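# Topology and contacts: notes
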Amino acid sequence: MANKRVYYFGGGKAEGNGQMKALLGGKGAGLAEMTNLGVPVPPGFTISTEVCDEFYKNNRRYPAGLEEEVAQNLSKLESMMGKKLGDANDPLLVSVRSGAAVSMPGMMDTVLNLGLNDKAVEGLIKKAGNERFAWDAYRRFINMFGNVVKGVHHENFEKALQSVKKKKKVELDTDLDANDLKEVVKLYKQVYKSSTKQDFPQDPRKQLWAAIDAVFGSWNNPRAIQYRKLNEIKGLIGTAVNVQSMVFGNFGNDSGTGVCFSRDPSTGKNEFYGEYLMNAQGEDVVAGIRTPQKLATLAKKDPKIYKQLVEVKERLEKHFKDMQDMEFTIERGKLFLLQTRNGKRTGPAAIKIAVDMFNEGLIGKELAVQRVTPDQLDQVFHPNIDPKAKRGVKALAKGLNASPGAATGQIVFTAEEAEEWVKQGKKVLLVRQETSPEDIGGMHAAQGILTATGGMTSHAAVVARGMGRPCVAGCKAAVISGKAMTIKETKFKQGDYVTIDGTTGEVFKGELPLIQPKITGELRTFLSWADEIRKGVERANVSTKGFLVRTNADTPADAKRAREFGAEGIGLCRTEHMFFEEERIMPFREMIVADDLDARKKALKKLLPMQKKDFKGIFKAMDGLPVTIRLLDPPLHEFVPQTKEQIKELSDLTGKSVRELQSKIATLHEANPMLGHRGCRLGVTYPEIYDMQVEAIITAACEVSAAGGKVYPEIMIPLVGTWKELSMLRENADKVCKSVLAKKKSNVKYTIGTMIEIPRAALTADKVAEYADFFSFGTNDLTQMTLGYSRDDVGSFVPFYLENNVLEEDPFARLDQEGVGQLVEMGIKKGRSTKSDLKVGICGEHGGDPSSVEFCYRVGMNYVSCSPFRVPIARLAAAQSVLKNRKK
């Protein structure tokens, strides 16, 4: 029917079905589907989400013909129920509820018992034969209508109710009799008039349209907007409105209401799970006024109803092939279902349910893999704050959720103190304005990291994710002064306890208990299915089969951990991280301050065996998997000594005076070092540095190979902007490689490629590709240079941009597909126009972000690479990308 906007359900037949969520919302589609299945559902009708869209586009006015269509469906409902809305003898009462295509529990508003007025309440008494029930229903309606439709504060109604209970000297609402509730209704009307300056409406049709207005209006209330933002719910046109005949759980002790799940949403166990209350309406179960009973109690007290409920839940679960979240009401011994939807669940539960349902034959592997979100999988690998302990505890502040998981400990303000305190057996949190490469030891020792500045790809964020340490970065509310921190009015000194939640970005005072994750056999099974899907895919214009997942790892320990998490190689080994250990930093500094080539080579000679040892360890840990090693990238100023003591130590080593060294260090200062003398520019101006590293890599590979190991070294030259840089450096690297191979009499195969992280390299990728065996996109720097944002300083403005919709996403957390993505796609196409078999991957932090992984798959990358703890998430995201983009 053209322009149909209202869909009826009832009497075993519905005009809609469960496939119409976009139009009917999740609740409306569920009601229609249950009706068609013969499940006992109170009849009603659904006003479509398209009306909500038109309502807002037309300045909150409804489309022509809607009122007539609603009136027709209301008349149909009255005829089916044999009752009239507002009738003085036998009134029809309805509920008015919201329901978007994606579940948003508690975010939008509901009105129950609509249709009651001073005359209808008398008719309800006659028909129900229960005066107390009728007055209770009326007072509930006034409260909900006043609050939801007119904005009267619930507390005002609550005060009126408490005054009657106090006068009667009772504690529970159920202790009030009919006369007491009459008095409550009288007081509620006074509250309503006092707040709205109007009498409570007696016309049920006006009540209905006011409630419909309120439900559509609630689509854009602040909490609904915030919920959609936090849960990244996009692309919806609005909410539907469900008008449904009331059934009553508060008729007496043979009536009740409850919420249940077909499986345990916390653990995933195949156990019927839920709570109920007798002689109650729906909101009583969640309001906390009375303590609900477990469903097991219903099985004992009313086995007949319980059996019916079990039959319905089994039928619905088999039909929807997913765990169901259901609301039910028992009215005078008769069961009704008011809602069913796919239930929300924890990460561990999601995995168990997916695997169990496959084993039960309900779903296949592909659907099972689609059932678990990357965020749910992430929960499994990180400790979390115990939800019981978190209830009622307010966060002091919120920063960026830079690295997931929770941590608690005593705060310290330097990396050295973190290491020292941990040696004493203490658990610490490292608190810094921002971390630097020299803080790595303390970061590793700490339970977690909190910084006052920095963004999602700041040093603290990147290193913490790589280490698997929880991190809250860019917490602007944290003011650090010496060895003290102030958050708003709360002051902390060194040794005070603080808890951080790196998953949410929250900071709490004190020591909150944590829950450690459990890695189950179901998880291994589940991830093996994801691997089957992503490894088996074949794509046009991509030379190799499968969509692989590598890791960013700088040590044998990181490499080993990443393999345990399923990494299929190393996509980024950052050699600069190898120089910060105490025994290495001094010869490295000696190399930096050298005055001539001979002095530099002398220092590099000390570093060569150290680098070789590092690479041998990594090659052994990866055991035949490819290892991409990036040659030195950061600016030299990051390595120079900062304190008088460090300069004096370097003076003793080099024989240079402190003044000479201070002068040399000053010459290394750059106004904008991230765009200065770093990356391949170091290799061009000081080729001996890269020569030493290449020699260490190939020598290590030869020695591991000679001992029977398999090695696949991939040498990556960073920050290339022109093909000439890569041509020059590749020629040098090839010479060193061939020299070592000849000396070692080895036939180890190696490749040389580059990191595409400068826009010019992407724009001229066809020329760059002539000298590269592979491309790896470094999207951290590519994002920085394309947007012109410093990744270390975005915390000062990006949160405002996000809040005010200047940006939809933090571009350092999620790849900017519209801007940066164009350069990536262009770089791949141009590169493969020169070399059709060019291997392409990503090694920026975006390699572990699910939506960015999907983009990488779409544009034809061979692999993604991410920090070890994000490897399982990337494995799942890669499989889901394959399924999402599969040709129908």
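Everything below is about the structure printed above this text.
Attention here is on the structure that accompanies the text. This is a predicted model, so every value here is computed, not measured.

About the cut-offs
Residues numbered from 1 in each chain as written. Predicted model: local features only at pLDDT ≥ 70, side-chain atom pairs only at ≥ 80, totals over all residues. Heavy atoms only, no water. Helix = DSSP H or I, 4+ residues; strand = E, 2+ residues; numbered from the N terminus. Buried < 20%, exposed > 50% of the residue type's maximum accessible area, 1.4 Å probe, protein only. Contact = heavy atoms within 4.5 Å. Areas by Shrake-Rupley, 256 points an atom, 1.4 Å probe, with all protein chains shown as cover. Pairing = 2+ DSSP bridges. Salt bridge = Lys/Arg side-chain N within 4 Å of Asp/Glu carboxyl O. Expected span 1.5 Å × (residues − 1). Arc of directions from axis to C-beta. Axes fitted to C-alpha atoms, helices over the stretch in contact; angles between N-to-C directions. Parallel < 35°, antiparallel > 145°, perpendicular 65-115°, else oblique. Nonpolar A, V, L, I, M, F, W, Y, C, P; charged D, E, K, R; others polar.

## Side note on the overall build of the chain
Of the regular secondary structure elements, the chain holds 35 helices and 34 strands. Put simply, the chain has 888 residues, and 57% of those count as buried. Partitioning the intrachain contacts of the chain with sequence separation of at least 6 by distance along the chain shows that 68% fall at a separation of at least 24. As displayed, the chain offers around 38,000 Å² of accessible surface, 50% of which is attributable to carbon and sulfur atoms.

## A short note on the pairing of strand E29 (residues 626-630)
E29 sits mainly inside the fold: 5 of its 5 residues count as buried. Inspection of the sheet shows strand E28 (residues 570-574) paired to E29 by 3 bridges, in the parallel sense. Among the inter-strand pairings, Ile570 is bridged to a residue of E29, identified as Val627. Looking at chain direction, E29 and strand E30 (residues 712-717) are connected through 5 bridges and run parallel. Paired with Val627 across the bridge in E30 is Pro713.

## Some details on the pattern of salt bridges
One pass over the full model with this rule turns up 66 salt bridges. For Arg534, the salt bridge is made with Asp531, and the minimal N-O distance between the two is 2.9 Å. Within this pair, Arg534 and its partner Asp531 are both found in helix H20 (residues 521-536), separated by 3 residues, close to a single helical turn. Under the relative-accessibility criterion, Asp531 is labelled buried at 13%. For Asp633, the salt bridge identified is with Arg678, shortest N-O distance 2.8 Å. A residue pair is termed long-range when its members are at least 10 positions apart, and Asp633 in the loop between E29 and helix H24 (644-654) and Arg678 in the loop between helix H25 (658-667) and helix H26 (680-685) qualify at 45 residues. With respect to burial, Asp633 and Arg678 carry one shared label: buried. Look at the salt bridges and you will find they share partners, linking Glu576, Arg630, Asp633, Arg678, Asp781 and Arg791 into a network.

## Brief notes about helix H6 (residues 154-168)
For H6, built from 15 residues, the straight-helix expectation of 21 Å at 1.5 Å per residue is met to within 8% by its first-to-last C-alpha distance of 21 Å. All buried positions along H6 are accounted for by Phe157, Ala160, Leu161, Val164 and Lys165. Viewed along the axis of H6, the buried residues span an arc of 135°, placing them on a single side of the element. Turned more than 90 degrees away from the buried face of H6 sit Lys159, Lys166 and Lys167, all of them exposed. Those residues of H6 that are buried lie in contact with helix H5 (131-150) and helix H7 (178-196). Remark: Lys169 follows H6 within two positions and exhibits a positive phi of approximately 60°.

## Considering the sheet that holds strand E21 (residues 478-480)
In sheet architecture, strand pairing relies on hydrogen bonds along the backbone and comes in two forms, parallel and antiparallel. Reading across the sheet, the 3 strands line up as E21-E22-E23 and stay open at both edges, with antiparallel pairing between neighbours. The sheet terminates laterally at E21 and strand E23 (490-493), the two strands that pair on one side only. Each strand axis lies, on average, 20° off the axis of its neighbour in the sheet, ignoring direction. As defined by bridge partners, E21 adjoins strand E22 (residues 484-487) across 3 bridges and the pair is classed as antiparallel. Across the sheet, residue Ala478 finds its bridge partner in E22, namely Ile487.

## A look at the packing of helix H21 (residues 556-564) against helix H23 (residues 597-622)
The geometry of H21 relative to H23 is characterised by a closest axis approach of 8 Å and an angle of 10° between their N-to-C directions. By the angle class used here, H21 and H23 are roughly parallel. Of the residues in H23, those in contact with Pro556, Ala559, Lys560 and Arg563 of H21 are Asp614, Gly617, Ile618, Ala621 and Met622. Its residues assigned to classes, the contact of H21 with H23 shows 5 nonpolar, 1 polar and 3 charged.

## Section: the sheet that holds strand E3 (residues 44-47)
Strands sit in the order E2-E1-E3-E8-E6-E7 across an open sheet of 6 strands; the sheet is antiparallel. The open sheet has two edge strands with one neighbour each: strand E2 (13-14) and strand E7 (110-114). Relative to strand E8 (residues 239-245), E3 is paired through 4 bridges, and the arrangement is antiparallel. Across the sheet, the residue bridging to Gly44 is Gln244, located in E8.

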